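Descriptive analysis of the structure
Single-letter residue listing:
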Amino acid sequence: MSFKGINLSNKMLVSLSRQGFSTPSSIQLRAIPKALKGKTLMVQSATGTGKTLCFLVPIIEKIDLKNQNLQAIIVAPTRELAQQIYDFAIPFAQEFKGLKIRLFKSGEEKENTLKGLSIAPHIVIGTPGRLADVLKDGALSLKNVKTIVFDEADMLLKEGYFAEIDKFALLVNKPQYLVFSATLEANLAHTLEKYVGPNVPVVNEDIMTSNNVKHYLVDIRHEDKLVALENLIKCINPYLLLVFASKKETANEAYAYLKQRKYKVGLLTGDLNARERKNVMKQIRNDDIFILVCSDMAARGLDINDVTDVINIDLPNNLEFYYHRAGRTGRFNKQGNCYTFFNNDQTAKPLRLVQEGVPFIYKALRDDELVDTHPIEKTHPTKRKVDQELESKIQKIKAKSKGKNKKVKPGYKKKVREEIAKAKQKHRREIIKKDIRRQRVERYKKENQNG
């Protein structure tokens, strides 16, 4: 079905066609007609399925351009996502003459934010804190607001943003709420109930990741993860690659490693300020970098065009983020690949994803070559054996770092973590070397016996 079958105005159809949108996605077919009728909805759908159009199309269609008052509020959890939605919305103003849209995001001076509000925008898009600054003090009237959107609602909950949202959302008289998220867990549904009420219909696409993504589970055979990362990059030769790590420290290490080896690489973590993050996104758009190393903050909502591959150096503790990471590729009917590193003696998290239905293709990494390997199998839980030699080394590092007076030195925790990581890596290599020597001896004995 084309967008013509959704009963949209000619102006909207022309605008969508001009922007290259001709055929609605499955979730758009389900959500847009309901939203056009003014119904409050909660929408659960995989990333990359076109959720942004699900709320922009009905909002813009219902805007009264003759009414010079605020009529819709769109809330996003991050500056990058707010900017992305704003950039997505602006082209509609070419057909909808007089449509005014404002972006309010954290990281900007409040005085600059308030400039020009003597003429009210029809739509405001922003982060919770900055929207609260503008709306709670009456800088814009809320009397004509008809729709409020919560995008990536589970991230809004996780980051504790609903306290800020309450400062303006609860001042609006019975708006239509449009809630979008890749996941809708019980605690989120409970939090949303005070806004949307009980028993709100959930529009659900029933898939966790796009069908256009191939999922690979890659056994790196205890090789150093950064070495394995470079080997895999050489193997797959990506056009645009996102590398994910569950910790900022690991992301920083991967970025420094690839930078040292002269790759065109960028870094996106929570430690970067607004200007640094904006510069990274600009570098991607200008094709100045083809690898972006990210923490999980980048997995949510960001729409980076033409990502061909995703590599997970490790799996996140919250496995929901796996789906958000994988959802950065295979978007809008394009094909993508998601590679996840693991070692065959650490299979608990990969097995949980297998049980959830992720259709993994099993590979092993040998230098710069991916080879087929057998599926991982569920192992019976055993009590972890403490390596006394390694434990002794770790305790010596901790004691040494504190000094004789046992006073904590500056940067103590970071230094200890780094030294312990080096000790573990060295110890692991020693074990592998011993095992290799043992295998050689056994093979030598067997050859002599056969000889």
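Quantities reported herein were computed from a predicted structural model and do not represent experimental measurements.

For the protein, the helix and strand inventory stands at 16 helices and 15 strands. Each of the 451 residues in the protein was classed as buried or not, and the buried ones make up 49%. A sequence separation of at least 24 residues applies to 75% of the contacts in the protein between residues at least 6 apart. As displayed, the protein offers around 24,100 Å² of accessible surface, 48% of which is attributable to carbon and sulfur atoms.

This part is about a negative patch on the surface. On the surface, E249, E253, E418 and E419 cluster together to form a negatively charged patch. Going through the elements one at a time, helix 11 (248–260) and helix 16 (412–450) are the ones with two or more residues in the negative patch. Positionally, E419 belongs in helix 16. E419 gets classed as partly exposed once you look at its relative accessible area, which sits at 36%.

Now for the confidence of the model for the protein. Scored by pLDDT, the protein comes out at a mean of 83, with 86% of its residues at no less than 70. Mean pLDDT values over the elements of the protein span from 62, in helix 5 (residues 110–114), up to 97, in strand 2 (residues 72–75). In the model, residues 379–384 has pLDDT below 50 throughout and makes one contact with residues more than four positions away in sequence or in other chains.

Within the chain, K174 stands out as a residue other than glycine whose phi angle is a positive 50 degrees. Turning to its location among the elements, K174 is positioned in the loop between helix 8 (162–169) and strand 6 (176–181). Even without glycine at this site, R221 takes up a positive phi of about 55 degrees. Take R221: it is sitting in the loop between strand 8 (213–219) and helix 10 (225–236).

Take the packing of aromatic side chains next. Within the structure shown, the criterion is met by ten aromatic pairs. Measuring from centroid to centroid gives 5.5 Å for F150 and F162, while their planes differ by 85 degrees, and the two rings are edge-to-face. With F150 in strand 5 (residues 147–151) and F162 in helix 8, this residue pair connects regions lying twelve residues apart in the sequence. Neither residue differs from the other here; F150 and F162 are each classed as buried. Relative to F360, the ring of Y322 has its centre 6.0 Å away and its plane inclined at 65 degrees; by these criteria the two rings are edge-to-face. With Y322 in helix 13 (residues 320–326) and F360 in strand 14 (residues 360–366), the pair connects residues that are 38 residues apart, well separated along the chain. F360 matches Y322 in its accessibility class, with the two residues each being buried.

All right, on to the environment of I313 then. Within the secondary structure layout, I313 lies in the loop between strand 12 (309–312) and helix 13. The spatial distance from the C-alpha of I313 to the C-alpha of S246 is 8.2 Å, given a sequence separation of 67 residues.

Moving on: helix 12 (residues 274–285). The terminal C-alpha atoms of helix 12 lie 17 Å apart, and with twelve residues this matches the ideal 16 Å at 1.5 Å per residue to within 8%. For helix 12, the set of buried residues is R277, V280, M281 and I284. Down the axis of helix 12, the buried side of the element spans an arc of 95 degrees, and every buried residue falls inside it. Those residues of helix 12 that are exposed and aimed more than 90 degrees away from the buried face are R275, K278 and R285. Each element contacted by the buried residues of helix 12 is listed here: helix 4 (79–89), strand 10 (265–268) and strand 11 (291–294). Of the residues trailing helix 12, D287 is marked for its positive phi of about 60 degrees.

Our next topic: the sheet that holds strand 4 (residues 123–126). By way of backbone hydrogen bonds, the strands of a sheet pair with one another, either parallel or antiparallel. On the basis of which strands lie adjacent, the open sheet formed by seven strands has the order 3-4-2-5-6-1-7 and parallel pairing. The two strands at the open ends of the sheet, each matched to only one other strand, are strand 3 (101–104) and strand 7 (202–204). The mean inter-strand angle of the sheet, taken between neighbouring strand axes irrespective of direction, is 15 degrees. Examined bridge by bridge, strand 1 (residues 41–44) and strand 7 share three bridges and lie parallel to one another.

Before going further, it helps to spend a moment on the sheet that holds strand 11. The sheet built from eight strands is open, its strands ordered 10-11-9-12-13-8-14-15 with mixed pairing. Edge positions in the sheet fall to strand 10 and strand 15 (369–372), since each has one partner strand and no second. Ignoring which end each strand starts from, the neighbouring axes of this sheet average 25 degrees apart. For strand 8 and strand 13 (residues 336–342), the ladder comprises seven bridges, and the chain directions are parallel. Paired with K214 across the strands is N337, a residue of strand 13. Sitting on the sheet, helix 11 is in contact with strand 10 and strand 11, with an inclination near 165 degrees to strand 10. Contacts between helix 14 (residues 348–355) and the sheet are confined to strand 8, strand 13 and strand 14, with strand 14 contributing the most and set at about 150 degrees to the helix.

Criteria and thresholds
Residues numbered from 1 in each chain as written. Predicted model: local features only at pLDDT ≥ 70, side-chain atom pairs only at ≥ 80, totals over all residues. Heavy atoms only, no water. Helix = DSSP H or I, 4+ residues; strand = E, 2+ residues; numbered from the N terminus. Buried < 20%, exposed > 50% of the residue type's maximum accessible area, 1.4 Å probe, protein only. Contact = heavy atoms within 4.5 Å. Areas by Shrake-Rupley, 256 points an atom, 1.4 Å probe, with all protein chains shown as cover. Patch = residues over 30% accessible without salt bridge, like charges linked within 9 Å, V, L, I, M, F, W, Y side chains within 5 Å. Salt bridge = Lys/Arg side-chain N within 4 Å of Asp/Glu carboxyl O. Lys, Arg positive; Asp, Glu negative; His and termini not counted. Charge placed at Lys NZ, Arg CZ, Asp CG, Glu CD. pLDDT = per-residue confidence, 0-100. Phe/Tyr/Trp six-rings, centres within 6.5 Å; stacked < 30°, edge-to-face > 60°. Expected span 1.5 Å × (residues − 1). Arc of directions from axis to C-beta. Pairing = 2+ DSSP bridges. Axes fitted to C-alpha atoms, helices over the stretch in contact; angles between N-to-C directions.

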